[in-house]
Amino acid sequence: MVVPLAELTEKQKADKGGVGTVNNIQVRLLPVLGTMPVIIRQSLATYALCQLGGVNPVAGEQIGWNVRHRLHQHLKNREKKLKDKVLTAAGEMVDVSNGGRIVNGTFVGPVQINDGDVECLILEVWRNRCAVTKERLGVGVELMRWDLTKPSTC
């Protein structure tokens, strides 16, 4: 339901420039602007603070759900293969799904990260760049534990 705007009073008609909080914009038009002025001011303040601090602001890149899910699945599959290999070599076949333990110097247990953690690692920690060459990551990205004595957590 659309409610018509109230008519301007004689005083408002005479003084159109000073009717609202923003010069030369009538009060009845301010709701149309919404939060845009605040967002623009906040963006400009952020840019100014970054310039003063010597930080180059970087626009956030996004990765798709399928990429995050694929990386997570590859990590889980690699960890399962590692677990099977370690337990077979040790001659043990025990259930380590509820916490895990160290077998022959290797932590064997469930993967303790999810798709959101994968996204955080790729975008926030590594900024979608290679740790060695600083080049933008392509399709050859894989996650793995570097320290096999510790669980795969963030």
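In this text the structure is predicted, and so the values were computed from the model without any measurement. The residue numbers shown here count from 1 along each chain, following its written sequence. At least 70 in pLDDT is required for a residue's local features to be given in this predicted model, at least 80 for side-chain atom pairs to be given and counted, and no such filter applies to totals for whole chains, interfaces and linings, which use all residues. Each side-chain value is worked out from all heavy atoms of the structure, with water and hydrogens disregarded.

Some thoughts on the overall build of the protein chain
Helical segments are the DSSP runs of H or I of at least four residues, strand segments are the runs of E of at least two, and each set is numbered from the N terminus. Along the protein chain, the regular secondary structure elements total 5 helices and 2 strands. When the elements of the protein chain are put in sequence order from the N terminus, they spell out α-α-α-α-β-β-α. A total of 154 residues make up the protein chain; the buried ones form 19% of that total. Considering only contacts in the protein chain between residues 6 or more positions apart, those separated by 24 or more positions represent 53%. Carbon and sulfur atoms form 59% of the exposed surface of the protein chain, whose accessible area is close to 11,700 Å². Here's how the labels work: a residue is buried when its accessible area is under 20% of the maximum for its type, exposed when over 50%, partly exposed in between, all with a 1.4 Å probe on protein chains only. By the convention used here, residues are in contact when the closest approach between their heavy atoms is within 4.5 Å. Per-residue and other accessible areas follow the Shrake-Rupley method at a 1.4 Å probe size, with only the shown protein chains counted as cover for residues.

Brief notes about the confidence of the model for the protein chain
Considering every residue of the protein chain, the mean pLDDT works out to 76; 75% of them sit at 70 or more. Per-element averaging of pLDDT across the protein chain places helix α2 (residues 30-33) at the bottom with 54 and helix α3 (residues 36-53) at the top with 87. In predicted models, pLDDT denotes the confidence assigned by the predictor to each residue on a 0 to 100 scale.

A look at the packing of helix α4 (residues 65-90) against helix α5 (residues 115-125)
As a packed pair, α4 and α5 sit with axes 9 Å apart at the nearest point and diverge in direction by 100°. Between α4 and α5, the angle falls in the class roughly perpendicular. The segment α4 lies against α5, with W65, R68, H69, L71 and H72 engaging D115, V118, E119 and I122. Per-class residue counts for the contact of α4 with α5 are 4 nonpolar, 2 polar and 3 charged. Each axis is a line fitted through C-alpha atoms, taken for helices only over the stretch in contact, and angles between the N-to-C directions span 0 to 180 degrees. In what follows, roughly perpendicular refers to angles from 65 to 115 degrees, roughly parallel to angles under 35, roughly antiparallel to angles over 145, and oblique to any angle outside these ranges. For this scheme, ten residues count as nonpolar: Ala, Val, Leu, Ile, Met, Phe, Trp, Tyr, Cys and Pro. Four count as charged, namely Asp, Glu, Lys and Arg, and the remainder, Gly too, count as polar.

Observations regarding the side chain of D115
Mapped onto the elements, D115 comes out in helix α5. Among residues more than four places away in sequence, those in contact with D115 are W65, R68, H69 and H72.

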